[in-house]
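Given next are the chains, with one letter for each unit.
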Amino acid sequence: MQTLTATKINSGISSAKANRLYWLGRYAERVYLTLHMLRKHFDLMIDEDKDSYISFCTKMGIENKYTSADDFTKRYLFDCSNPESVINMLERVKDNAMMLREEIMTETLCYIELSIAHMNKPEVQNKGIEGLQRITDYMLAFWGSIDERIVNNQIRHSIKFGKYLESLDLHIRFDYQFNRVEEIFARMLHSVEQECYICDELTLLTLKQHMTFDDYKNIGVLQLINSLFRS
Amino acid sequence: MYSLVKQKDTVNKWMERFGVRFGIYKSGNFHEQLFPFDPIPRVISHKDWVEIEAGLIQRVNALNMFLEDVYNDKSIVKAGIIPEEFIYSSSGYMAQCEGITPSKKIFSHISGIDLVQAKDGKWIVLEDNLRIPSGASYPMIARTITRKVSPETFKENAVFDNRNYSTLIRKAMDHVNVDNGLQVILTPGRYNSAYFEHSYLAEKAGVILAFADDLIVENDTVYYKGLFDKRERVGVIYRRISDEYLDPLAFESTSLLGVPNLMRAYAKGNVAIMNALGNGVADDKGIYYFVPKMVEYYLGEKAILQNAPTYLPYFEEDKKYVLENLKTLVIKDVAEAGGYGVMFGREMNDEQLANIKHLIETEPRRWIAQEVIDFIDLEIMEGEERIYRKADLRAFVISEAETKVWHSGLTRYTRSPTSFIVNSSQGGGFKDTWIMKK
């Protein structure tokens, strides 16, 4: 049988491509973790705290422009005109992924296509967060595909650097325990050590000093995390 | 084939999954839409294909020889085969390309030749596309999908595999690559109508998809700008940007899509550009008239594939005929493309006919007129019903060490029962094209 996809001999990474790889990782992880965090808050809204979405907005660092839990559900999840919405996060993933098709491959990109198509179905929008389990499944498949299909370490770890950086940011914002944050930080360090050249080494050194049980929730740590990318 | 036809919706779902779309601008806004796919393939018998293939190779070889000639010796003009005016007044002629011979003397590496099949079975060339012909990725990915959803169809029918198009492209790139540099596909970006194709071909050919900002010219050499100012030499660029936007310092100065000084690097032979700059002079609708004469002049052979009967109002005799028979002819503006600027005399009212007569008399070089070819209708599925629509075929010819024809093509059909215009930008759909092995 003939080979239908040619082997890529050279895989140049320009500054613009590095930027796209990084943001692909960040936005994809943001979609996945946002849904994860939202499920906890939606559970609280059932009977314990009907205004739990307000504390969600505070932790995410976004303005609470929503009038009720229902309004939040509709507009934060599905409103394309709301720049913070989950559907818009997915569109940002797609923007970057489409520009990287030749690196991540069509079979990986398709999980983003499927996610957007799923979110745009009226019957899914009527179900609210419950209808979005499939998005979580697709995002897990997306990450699996990234791991399985991308053979170029530099490309794969640049995306995963963005992923872990976003994960660190959100876990700290949502008050996760230090051992969980430390574990994610270790994964990020692993990516940085594996041919990922887009992490600013000096900032990383400083961050390492502050990534301690006593310090990790300080606002300065979040600022350092968000200054780690360089291209 | 019946099982494939039944699977139309499944195929279209796979198309959606793979993001198979094309972009279109409506009222200044960009929209992406699925390219409607019809599951009934166009089937070309082996016997027909043998003749088409030979005709296409002959035609593209002659066109490549013409391009080399027209930017160098101009022997075809000196021999009086083509009037000088047709060369220099062509919007595709680029004076900046005079004296430049590209790597391996190939000008048109990827040629898209548009054909129709007349009702008597004869294949006729309607148009040559030698700049950036697009569309091959659609039948390529459609075949990937149809083989998945209906494997029995391909067990029962001996059809040439068409998924090797990217391999052909890659070989063409390797053949002209200068100093074994990087191979890149240069795209104008995400909001180009054919962006899906650019990114899909880069993936399948295993080359870099580059945007204008990724490339830089230094010392007349093209480099890919890596991280932290690292430079990697580029040896071949399969550009998907029109000539005039490729280099803002040489052509359109407001272009943000191009690479400054690219023309200098190209002129010095430091990079290969696929297709070469200036090819527009050979796929000009006016020059089309002369292609069978080119075949005779350069190859000493009769053209295997014929043009549609064409008249050039530039010649007095033809002008007289065109003006007297406007109502039965199709009139084409040589400066337009994509199905635009095509007018059927039978559909024009008296005022429109008077206007076009005036334009033909005052600007004869701008127009060609052709007899309307009553080309065959192909079956398509509309819901559960089989209906007939006009369809053309874009065949893709790849020129490297040898000239080869891709064993497939883009069959586009019109969705309107009264239209002859098949372009996707005007609402047309597409079919797979099967070339039978026996």
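Residues numbered from 1 in each chain as written. Chains lettered and ligands numbered in written order. Predicted model: local features only at pLDDT ≥ 70, side-chain atom pairs only at ≥ 80, totals over all residues. Heavy atoms only, no water.

Q: Could you clarify how one ought to interpret the pattern of salt bridges in this entry?
A: Tallied over the entire structure, the rule returns 48 salt bridges over all chains. Across the pair B:Arg190 and A:Asp95 runs a salt bridge, and its minimum N-O distance is 2.8 Å. Note that B:Arg190 is positioned in the loop between strand E6 (182–186) and helix H9 (195–205) and A:Asp95 in helix H4 (residues 86–99), a pairing that runs across two chains. The same class applies to B:Arg190 and to A:Asp95, which are both buried. Across the salt bridge formed by B:Asp333 and B:Arg366, the nearest N and O atoms sit 2.8 Å from each other. Placement of B:Asp333 in strand E14 (residues 329–333) and of B:Arg366 in the loop between helix H14 (350–362) and strand E16 (367–371) is noted, with a sequence separation of 33 residues between them. On the accessibility criterion, B:Asp333 (5% relative accessible area) is buried. (Salt bridge = Lys/Arg side-chain N within 4 Å of Asp/Glu carboxyl O. Helix = DSSP H or I, 4+ residues; strand = E, 2+ residues; numbered from the N terminus. Buried < 20%, exposed > 50% of the residue type's maximum accessible area, 1.4 Å probe, protein only.)

Q: Would you explain the domain arrangement of chain B in this entry?
A: Accessible area lost during the coming together of the parts is what is often quoted as the interface size. For chain B, the domain assignment lists domain 1 (2–301 + 375–435) and domain 2 (309–371). A straight line from the C-alpha centre of domain 1 of chain B to that of domain 2 of chain B covers 27 Å. (Domains from an automatic or database assignment.)

Q: How do you make sense of the packing of aromatic side chains when you look at a structure like this?
A: Think of a pair of aromatic rings as described by two things: how far the centres are apart, and how the planes are tilted against each other in angle. As enumerated under the stated definition, the model contains 39 aromatic pairs over all chains in all. With centroids separated by 5.1 Å and ring planes inclined at 75 degrees, the aromatic side chains of A:Tyr22 and A:Trp23 adopt a geometry described as edge-to-face. For the ring pair B:Phe290 and B:Phe315, a centre distance of 6.4 Å and an interplane angle of 75 degrees mean the geometry is edge-to-face. You can see B:Phe290 sitting in the loop between helix H11 (285–288) and helix H12 (291–299) and its partner B:Phe315 sitting in the loop between strand E13 (310–311) and helix H13 (316–324), a full 25 residues away along the chain. Under the relative-accessibility criterion, B:Phe290 is labelled buried at 1%. On the basis of relative accessible area, B:Phe315 is assigned to the partly exposed category, the value being 28%. One aromatic cluster is present, formed by A:Phe42, A:Tyr53, A:Phe56, A:Tyr66, A:Phe72, A:Tyr76 and A:Phe174 through successive ring pairs. The cationic tip of B:Lys431 hangs over the ring face of B:Tyr413; the distance from NZ or CZ to the ring centre is 6.0 Å. (Phe/Tyr/Trp six-rings, centres within 6.5 Å; stacked < 30°, edge-to-face > 60°. Lys NZ or Arg CZ within 6 Å of the ring centre and 35° of its normal.)

Q: Would you explain the interface of chain B and chain A in this entry?
A: If you look at the interface, chain B gives 35 residues, while chain A gives 37 residues. Both sides of the chain B and chain A interface together cover about 3000 Å² of buried area, and 53% of this is carbon and sulfur. The largest per-residue losses of area from chain B upon contact with chain A belong to B:Arg17, B:Glu203 and B:Leu227, which jointly make up 22% of the total buried on that side. Applying the counting criterion to the chain B and chain A interface returns 3 salt bridges. Scanning the region where chain B abuts chain A turns up 10 residue pairs in polar contact (both at pLDDT 80 or more). Among the secondary structure elements, those contributing two or more residues to the side of chain B that touches chain A are helix H2 (8–17), helix H8 (165–176), E6, H9, strand E7 (208–210) and strand E9 (221–225) of chain B. Element by element, the count of residues in the side of chain B that touches chain A is highest for H9(B), at 8 residues. (Contact = heavy atoms within 4.5 Å. Buried area = accessible area lost by both parts, 1.4 Å probe. Polar contact = N/O pair within 3.5 Å; in protein donor to acceptor, adjacent residues only side chain to side chain.)

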